[in-house]
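# Reading the structure
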Amino acid sequence: MSLKSHATSITSFPREIHLNVLTFLRATDLSALQRTCRCFNNRDLIVEVVEHAANHVYPSDLTKGFDTPIVSGEVKSMSFVAKKGARIVKKESKKGKGNPAALTLAVVSTEKTYTYEMLRNMEMLVVARVLSRPEPPLHARSSAFYVSKSWCRAALRWLEVQEEERKEREERHRVAEEAKAVLVTPTKGRKKAPHPGSFGKKKLSRKEQRQRDRRMSDASPPWSNINTDLVCEHGDLMRCSSKSARARRRVMDKQAWKVLKRLYPDSIQLDAGVGSTGCLACAAEAETAKKAELDQKEEEKAERRKPLACPLVRGFYTRGSKGYPADCLVTPQSETKMGMDGFQCPLKPGVYSALPRSWCHRFRKYIKTGEGGFPPAPDASDVLCDAHNFPLVPPHLESYLRGETSALLGGNTSATPHNDGGGESRASLPRPNERALSASRADADTLMSLRAAGLSELDLHAQRVAMAGLEESMQRANIHGMNDIQADDSTRQFDRSITNEQLDRENRVVVEILTDEEITALEKWWPRLHGFYALKFAIVEDLSTISGTDILWSTPPCRECDASSRATENFAVRNRLQKRLGR
């Protein structure tokens, strides 16, 4: 069959089939078809298509008043007048003096004029009214559907811009008609015609014009698939949180969705029922990804905790805030075995190393959470002075090794024995049992001597009452003295307490103590690096010293530089001082 015969067969279809076929097309498509084929450029067919769309395709409550343009588009179509009900009126006109009268026929229409532009206005009106409907209640959402809120906003914005453009076109057309009418009137007494480009209203400023152009340029026609941003890669409802769903989705009833689906047939239908939880394929992928992530975290955790398989490294990790190996502490010695100053080194004889507390904290944090990445090799080069490149022994480490403090890190109390006057007064106070025994013996001796002196029992009773009052006053005085001594001791202990902030302020570098076996076990996890620097020292027994032990450093400490944090303070010379110094 040739193309000509095929086209002839299409155009030879009955009017009812043409009408049913054309109702599936939009106004822009019908306008293009009208210009293409003479068969569809029929005034009666256009009227029937518009009436069928207004009465049967869309609900009547949505198309009411469509013949009054709400939003005008760029569709250019031919308008016709329906023949039904038309009547012919004869008119006589004289072309000139002496000429026979000429008869003219005028067709007066009794029906409305329908065009495809009105059909487009109807479509825009239907979209605006559908989007202005409220969402159905929760109990009526079993047959509802989801619509993208971003698409709704874009569509309403586009309709608003089209409305403004329609008003501008009407205003320009009105001004042009008025100017044409003024030009037709006689010259005498006519008013000056306005410029066709003016709208008959106040001219906008440049700023207002820029704002208007920017506002109108943001609007774009709504895309063909309404739910394109709600659909996943599998073509189903995208899974998201409840908060995100409320921000991106809008619920519409079944009738409103049918209208939008007819206008935008490329849209994907998304059920908004109670059981609709989203795409099952996406849910399975999310569960698989979550499980893979958990497995990866477990693998990373197991990889991080491999060093803890060594008992020495595990002991260093679980040490906490002590800062020293607890199994290397010596047992408390009696005062006779202590030095004359009362201090004793708390560690057993052996080889030890000191590492910065910052590195120890970073290592423990990496093992626990993996934060910060794998730390660098243990290095104590921060304790070296800049001037001589010799180690600076932190004051808190030196005090702990000398036995002046009971702990290495914060929250420490002094281990200094109390040999002051308070201690003497406390030692001089007798125990309660001893005081009662001595008092009873003194009372018996006193009574015997008084009786031997010839005093009566009445005088003896008076002497007993006086002695009891004297003893009570002496006991009260002793209790107040003991309370004062205890208050002084608590004040001294509070003053000697050292917090972490004080450690950072008083020490250039705060360190922790490790045994030589622990530092060797740690260095095995950095096999490619050699020559780690650690502040090593040895505690040896030396009977020639007062305390019985001595501390030997692997590198002689620098005694000329300040090991406290005051040595790292930076002093800046202000500009006004620089001017005074002539800089």
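Our structure is the block above this text.
Here we summarise the structure given alongside this text.

Another aspect to go through is the overall build of the protein. Counting its regular elements, the protein contains 20 helices and eight strands. Out of the 583 residues belonging to the protein, those deemed buried represent 30%. Within the protein, counting contacts between residues at least 6 apart in sequence, those at least 24 apart form 76% of the total.

So, about the sheet that holds strand β6 (residues 511-515). Overall, antiparallel pairing links the four strands, which are arranged β6-β5-β7-β8 in an open sheet. The open sheet has two free edges, formed respectively by β6 and β8 (549-553), since each of these has just one partner strand. With strand direction ignored, the average angle separating the axes of adjacent strands in the sheet is 30°. Where strand β5 (residues 350-356) and β6 come together, five bridges link them in antiparallel fashion. Opposite Leu355, over in β6, you have Glu512 as the bridge partner.

A complete count under the given rule lists 10 aromatic pairs for this structure. When the ring of Trp151 is compared with that of Tyr264, the centres are 5.1 Å apart and the planes differ by 85°; the resulting orientation is edge-to-face. Note that Trp151 is positioned in helix α7 (residues 149-184) and Tyr264 in the loop between α10 (254-263) and α11 (280-304), a separation of 113 residues in sequence. Like Tyr264, Trp151 is buried. The ring of Tyr264 has Arg26 sitting right over it, with the charged end atom 5.3 Å from the ring centre. Its end group placed over the ring of Tyr146, Arg249 keeps NZ or CZ at 5.1 Å from the ring centre.

Relative to each other, helix α6 (residues 116-131) and α7 sit at 135°, their axes nearing to 10 Å. With respect to each other, α6 and α7 are oriented oblique. The element α6 and its partner α7 pack so that their crossing is left-handed. Note on element contacts: α7 touches α6 through Trp151, Cys152, Ala155, Leu156, Trp158, Leu159 and Gln162, opposite Arg120, Met124, Val127, Ala128 and Leu131.

Here the focus is the side chain of Asn507. Within the fold, Asn507 resides in the loop between α18 (500-506) and β6. For Asn507, a relative accessible area of 3% puts it in the buried group. A distance of 3.0 Å separates a polar atom in the side chain of Asn507 from the backbone nitrogen of His396.

Before going further, it helps to examine empty space enclosed by the protein. This structure, assessed with the given rule, holds three cavities of 30 Å³ or more. Of the voids in this model, the largest cavity is the one considered here, and its volume is about 100 Å³. For the largest cavity, the lining is made up of 13 residues, of which Thr23, Leu25, Val57, Tyr58 and Glu123 are closest to its centre. Secondary structure elements with two or more residues in the lining of the largest cavity: α4 (43-57) and α6. Ranked by residues supplied to the lining of the largest cavity, first place goes to α4 with three residues. When grouped by side-chain class, the residues that make up the lining of the largest cavity number nine nonpolar, one polar and three charged.

Our focus in this paragraph is the nonpolar core. Counting 41 residues, the largest nonpolar core has Tyr58, Leu119, Met122, Val126, Val130 and Trp151 as the members making the most contacts within it. Elements that contribute at least two residues to this core include exactly α2 (15-22), α3 (27-36), α4, α6, β3 (145-148), α7 and α10. With 10 residues, α6 is the single largest residue contributor to this core. Here Val130 is in contact with Leu62, Arg250, Met252, Ala256, Val259 and Leu260, once residues within four sequence places are set aside. Membership of the second largest hydrophobic core comes to 40 residues, among which are Ala377, Ala380, Leu535 and Phe537.

The complete set of buried residues in α2 reads His18, Leu19 and Leu22. Each buried residue of α2 lies within a common arc of 100° when the element is viewed along its axis, so the set occupies one face.

A few words on the pattern of salt bridges. In the structure shown here, the tally under the stated rule is 19 salt bridges. Residue Asp253 is joined to Arg133 by a salt bridge in which the shortest nitrogen-to-oxygen separation is 3.6 Å. Linking Asp253 in the loop between β4 (249-252) and α10 with Arg133 in the loop between α6 and β3, this pair joins segments that are 120 residues apart in sequence. Looking at Asp253, the relative accessible area reads 27%, which means it is partly exposed. With a closest N to O distance of 3.6 Å, Arg559 and Glu398 form a salt bridge. Taken together, the positions of Arg559 in the loop between β8 and α20 (575-580) and Glu398 in helix α14 (residues 395-401) put the pair 161 residues apart, joining distant regions of the chain. Since its relative accessible area comes to 57%, Arg559 is described here as exposed. Via salt bridges that share partners, Asp61, Arg133 and Asp253 belong to a single interconnected network.

This next bit is on the packing of α7 against helix α8 (residues 206-217). The contact between α7 and α8 brings their axes to 9 Å, and the two run at 130°. Classified by the angle between their axes, α7 and α8 sit oblique to one another. Of α8, the residues touching α7 (which contributes Arg157, Val161, Glu164, Glu165 and Glu168) are Arg212, Arg215 and Met216. The class makeup of the residues in the contact of α7 with α8 is two nonpolar, no polar and six charged.

Here we come to a nonpolar patch on the surface. The grouping of Ile10, Phe13, Ile17 and Val21 at the surface amounts to a nonpolar patch, some 320 Å² of accessible area in total. Within the element layout of this structure, Phe13 appears in the loop between α1 (3-11) and α2.

So, about the pairing of β5. Extensive coverage of β5 is indicated by the burial of five of its seven residues. Sheet analysis places β5 next to strand β7 (residues 535-541), joined by five bridges and oriented antiparallel. Of the residues in β7, the one forming a bridge with Gly350 is Ile539.

Conventions and cut-offs
Residues numbered from 1 in each chain as written. Predicted model: local features only at pLDDT ≥ 70, side-chain atom pairs only at ≥ 80, totals over all residues. Heavy atoms only, no water. Helix = DSSP H or I, 4+ residues; strand = E, 2+ residues; numbered from the N terminus. Buried < 20%, exposed > 50% of the residue type's maximum accessible area, 1.4 Å probe, protein only. Contact = heavy atoms within 4.5 Å. Pairing = 2+ DSSP bridges. Axes fitted to C-alpha atoms, helices over the stretch in contact; angles between N-to-C directions. Phe/Tyr/Trp six-rings, centres within 6.5 Å; stacked < 30°, edge-to-face > 60°. Lys NZ or Arg CZ within 6 Å of the ring centre and 35° of its normal. Parallel < 35°, antiparallel > 145°, perpendicular 65-115°, else oblique. Left-handed = near helix turned anticlockwise from the far one by under 90°. Polar contact = N/O pair within 3.5 Å; in protein donor to acceptor, adjacent residues only side chain to side chain. 1 Å grid on protein atoms, 1.4 Å probe; cavity = no way out; pocket = protein on both sides within 12 Å on 5 of 7 lines; lining within 4 Å. Points joined across faces, edges and corners; volume = space filled by probe spheres on them. Nonpolar A, V, L, I, M, F, W, Y, C, P; charged D, E, K, R; others polar. Core = buried A, V, L, I, M, F, W, Y, C linked by side-chain atoms within 4.5 Å. Arc of directions from axis to C-beta. Salt bridge = Lys/Arg side-chain N within 4 Å of Asp/Glu carboxyl O. Patch = residues over 30% accessible without salt bridge, like charges linked within 9 Å, V, L, I, M, F, W, Y side chains within 5 Å. Areas by Shrake-Rupley, 256 points an atom, 1.4 Å probe, with all protein chains shown as cover.

Bear in mind that shape data such as this cannot, by itself, settle questions of function.
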